[in-house]
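# Structural characterization, general
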Amino acid sequence: MQHHVSLKPFNTFGLPATARRMAVITSDADVRRVLDDPRLGRAPKFVLGGGSNVVFTRDLIDEVVLKVEVAGMAVVDDGARAAIVEVGAGERWHDVVCWTLAQGLPGLENLALIPGTAGAAPVQNIGAYGLELQDRFHSLDAVDLVTGRAVTLDAARCEFGYRDSVFKRALAGRAVITRVRLALPKPWQPVLGYLDLARKQQETGVAEPDAQTIFDWVCAIRRAKLPDPADIGNAGSFFKNPIVSPEQCQDIIGRDPHVVHYLLPDGRYKLAAGWLIDACGWKGKTIGHAGVYAQQALVLVNRGGASGAEVRTLATAIQESVYGRFGIRLEAEPVII
Ligand code: EPU
């Protein structure tokens, strides 16, 4: 158990906060040790992975922070229809993508360079460039913080949605994910539907890219649009792209015909939150030490020395102006604590 730990190095926004108590978790047994400890067992727990989806606005005094560092990557079943890869929840997601490619097991390349750990990936069902974690998910192991029992959940029990899962709802704060298994389908098929990738195909004239080429394209697209947390503190997209009814979408098109919108299979529309924020004039703006990234209005950044409260103030101001102009309530993607 560590005491009075600065969380600044452990959140990609680089926000200042202190954990009064922090336990490093490298196995299920480590979780149970915390739960069995009479001083810690009843205290609220805060599970921290790579800190890429969290905004700390205060110190964690009452909570015990569980910093998940379960390691390991292995192919546990190399079947005819899919390879099943098991990874420790503490592995960096991007390392998992690189490792599977190096093993000759493509399938995760569209999800390259997403910050955070493998264990955090199912929590918000990470997604990018036409692929979501749920498309490659097999199952996961977790320890229930209430009962202390180890559980294995398949995709149905994870209740995946757009940037959503049971871990943000019924099991929020209740489970420590320790291992994740991914299913990489055979034969491999490229996912190239996303506009930015189709554009790369045209630009390069490569009609049938292999997985490594798609990986390189995704890395290049992300580097051009998204700030690297190592250079500028951020948590990726700060808001979810809102999903609206056809009537609401028509109403917004009436207010601005250029609004970027995509028809979903269920007949509703997904709007580009980045476009809505941009249209309200926020791109490149700053409040205090927190700002809106100049290349992508959906990303809030730490301009240096920002507090979580400043990030929250900026986020609220953006939400209010988007609501005022378009009648849409933007929902924050990161956990704000
Ligand atoms: N747009 C603007 N102005 C902006 C930003 C975007 O007009 O400042 C427009 C773009 O021109 C484009 C549309 O909005 O037409 C959508 O932008 P983009 O393709 O960059 O994707 P996004 O909707 O902003 C989502 C995910 C990203 C993911 C990309 C690629 C969410 C909340 N975000 O972003 O995920 O990498 O698609 O698939 O769904 C993350 O969750 O942290 C994240 C980075």
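Just above sits the structure.
This section reports on the structure supplied with the text. (Residues numbered from 1 in each chain as written. Predicted model: local features only at pLDDT ≥ 70, side-chain atom pairs only at ≥ 80, totals over all residues. Heavy atoms only, no water.)

### Describing the packing of helix α2 (residues 93-102) against helix α5 (residues 211-225)
- Across the interface, α2 lies against α5 with an axial gap of 11 Å and an inter-helix angle of 155°. It follows from the interaxial angle that α2 and α5 lie roughly antiparallel. The hand of the α2/α5 crossing is left-handed. In this structure, α2 contributes H94, V97, C98 and L101 to the contact, and α5 contributes A211, Q212, F215 and C219.
- Broken down by class, the residue content of the contact of α2 with α5 amounts to six nonpolar, two polar and no charged. (Axes fitted to C-alpha atoms, helices over the stretch in contact; angles between N-to-C directions. Helix = DSSP H or I, 4+ residues; strand = E, 2+ residues; numbered from the N terminus. Parallel < 35°, antiparallel > 145°, perpendicular 65-115°, else oblique. Left-handed = near helix turned anticlockwise from the far one by under 90°. Contact = heavy atoms within 4.5 Å. Nonpolar A, V, L, I, M, F, W, Y, C, P; charged D, E, K, R; others polar.)

### Overview of the site of the ligand
- What surrounds the ligand is a group of 25 residues, the closest being Y129, Y162, Y194, Q296 and A297.
- Separating an oxygen atom of the ligand from a backbone N or O atom of A297 is a distance of 2.8 Å.
- In the complex, 83% of the free accessible area of the ligand, which totals 830 Å², lies under the protein chains.
- The set of elements that each furnish at least two residues to the shell around the ligand consists of β8 (127-128), α5, β13 (233-237) and α7 (273-279). (Near = heavy atom within 4 Å. Polar contact = N/O pair within 3.5 Å; in protein donor to acceptor, adjacent residues only side chain to side chain. Areas by Shrake-Rupley, 256 points an atom, 1.4 Å probe, with all protein chains shown as cover.)

### Quick look at the packing of aromatic side chains
- The tally for this structure, following the rule as stated, stands at six aromatic pairs.
- Centre to centre, the rings of F238 and F239 are 5.2 Å apart; their planes meet at 70°, and the pair counts as edge-to-face.
- Residue classification places F239 among the buried positions, given a relative accessible area of 1%.
- Summarising the aromatic geometry, the rings of W275 and F326 are spaced 5.9 Å apart at their centres and angled 55° between planes, so their arrangement reads as tilted. With a gap of 51 residues between them, W275 in helix α7 and F326 in helix α8 (residues 308-326) connect regions that are remote in the sequence. The two residues W275 and F326 agree in class, both being buried.
- Joined through ring pairs, the aromatic side chains of F13, F238 and F239 make up one cluster.
- One residue, K270, lies across the ring of Y162, its end atom 3.6 Å from the ring centre.
- Its end group placed over the ring of Y323, R329 keeps NZ or CZ at 4.0 Å from the ring centre. (Phe/Tyr/Trp six-rings, centres within 6.5 Å; stacked < 30°, edge-to-face > 60°. Buried < 20%, exposed > 50% of the residue type's maximum accessible area, 1.4 Å probe, protein only. Lys NZ or Arg CZ within 6 Å of the ring centre and 35° of its normal.)

### Considerations on the packing of helix α4 (residues 195-204) against α5
- Direction vectors running N to C along α4 and α5 enclose 115°, while the axes themselves pass 10 Å from each other. As far as their axial angle goes, α5 and α4 are roughly perpendicular. Here α4 runs over α5; the crossing is right-handed. Listed contacts from α5 to D196, L197, K200, Q201 and T204 of α4 are W217, V218, A220, I221 and K225.
- Taken together, the residues that form the contact of α4 with α5 break down as five nonpolar, two polar and three charged.

Purely geometric numbers; function is a separate question.
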